[in-house]
Amino acid sequence: MASLAHHPDLRPARINALGEFAASIAHEVKQPLAAVKLNAEACMKLLERDPPRISEACAALRVVLLASVAAGDMVRSLQSMACQRAPLRTTFFLDDAVRDVLQLLRGELRQHGLALHEQLTLDSVQLQADRVQLMQVMMNLLMNAIEALKEVDADRRAITLRTALVDGAAHISVEDKGPGIPAALTERIYAPWFSTRPDGTGMGLAICNSIVQAHGGRLWHTSDHHGTAFHLSFKEYTLWTPSRS
């Protein structure tokens, strides 16, 4: 009897799965590697100054370390998703994870001349979730906002990032003032392989949606010609209160 691994009917599915996994890795590690490059170059320039700006160079190196760890973590996360393993849940402060993502993207924001307005109000909110996967979602949404703003006028080149408790859920929103997403594409943008950009892999939002659903959350967006806002909502969270001695 022929081996199932070599059954001709399974080959297209295996090839598609392999292609999807390869595209996912390429998409997810692209930004951490870009952060490594940007901050390593910045570090070299700071050290070549006379006198060298040691403290700023050390700060750039800390981002290089954070980005290199993030890239490895994201590959392991995608491997787990491909093997359909349950998310590796830990307890962490939501705003701390968001700040780590922003640390990785500061150079990208500066490079494109984009302003970032932060309204993080959930310092006491903890999630029990896969921290790496949540960071993947945030990075994807922020990179989509950056891409949307590359061709707009200077007075619209801003991203607003908010965290808040909304209707009994921990809510995160990423808002841009880009051209918006056509209504006809509202459902398609979450499908694998679909991208509105010529150089896009079409995996970013598909990965985001899969991660959020695996955590019992919800991902959606609102959009018009004034811009786009992506929203994340998690109903399961805890409020941290300091213990009294």
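Keep in mind that this is a model prediction, so the values were computed, not measured.

**Student:** Looking at this structure, how should I read the nonpolar core?
**Tutor:** In summary, soluble globular proteins display a tendency toward joint burial of nonpolar side chains. Within the largest apolar cluster, 51 residues are counted, with the highest numbers of intra-cluster contacts made by Leu141, Ile159, Leu161 and Leu232. In terms of residue count, the dominant contributor to this core is helix H4 (residues 131-148) (ten residues). The residues contacting leucine 141, other than those within four sequence positions of it, are Val174, Leu205, Cys208, Leu219, Phe230 and Leu232.

**Student:** Is there a simple way to think about the pattern of salt bridges in this case?
**Tutor:** Two side chains that carry opposite charge are able to pair once their charged atoms sit near each other. Tallied over the full model, the rule gives eight salt bridges. Of the charged contacts, one joins arginine 99 and aspartate 96 as a salt bridge, the two residues approaching to 3.5 Å between their closest N and O atoms. Here aspartate 96 and arginine 99 lie together in helix H3 (residues 94-111), a separation of three residues that amounts to about one turn. Using a relative accessible area of 35% as the deciding quantity, one classes aspartate 96 as partly exposed. One salt bridge in this structure joins aspartate 100 and arginine 131, with 3.1 Å as the shortest N-O distance. One end of the pair, aspartate 100, is in helix H3; the other, arginine 131, is in helix H4, and 31 residues separate them in sequence. Among the ionic contacts, a cluster of salt bridges with common partners joins Asp96, Arg99 and Asp123.

**Student:** How do you make sense of the confidence of the model for the protein when you look at a structure like this?
**Tutor:** The predicted coordinates ought not to be read in detail in places where the model reports low pLDDT. Looking at the protein as a whole, its pLDDT mean stands at 81, while 81% of the residues score no less than 70. Counted against residues more than four places away or in other chains, residues 1-6, with its pLDDT under 50, gives three contacts. Note on residues 13-19: pLDDT is under 50 here. Beyond four places in sequence and across chains, it has three contacts.

Calculation notes
Residues numbered from 1 in each chain as written. Predicted model: local features only at pLDDT ≥ 70, side-chain atom pairs only at ≥ 80, totals over all residues. Heavy atoms only, no water. Core = buried A, V, L, I, M, F, W, Y, C linked by side-chain atoms within 4.5 Å. Buried < 20%, exposed > 50% of the residue type's maximum accessible area, 1.4 Å probe, protein only. Helix = DSSP H or I, 4+ residues; strand = E, 2+ residues; numbered from the N terminus. Contact = heavy atoms within 4.5 Å. Salt bridge = Lys/Arg side-chain N within 4 Å of Asp/Glu carboxyl O. pLDDT = per-residue confidence, 0-100.

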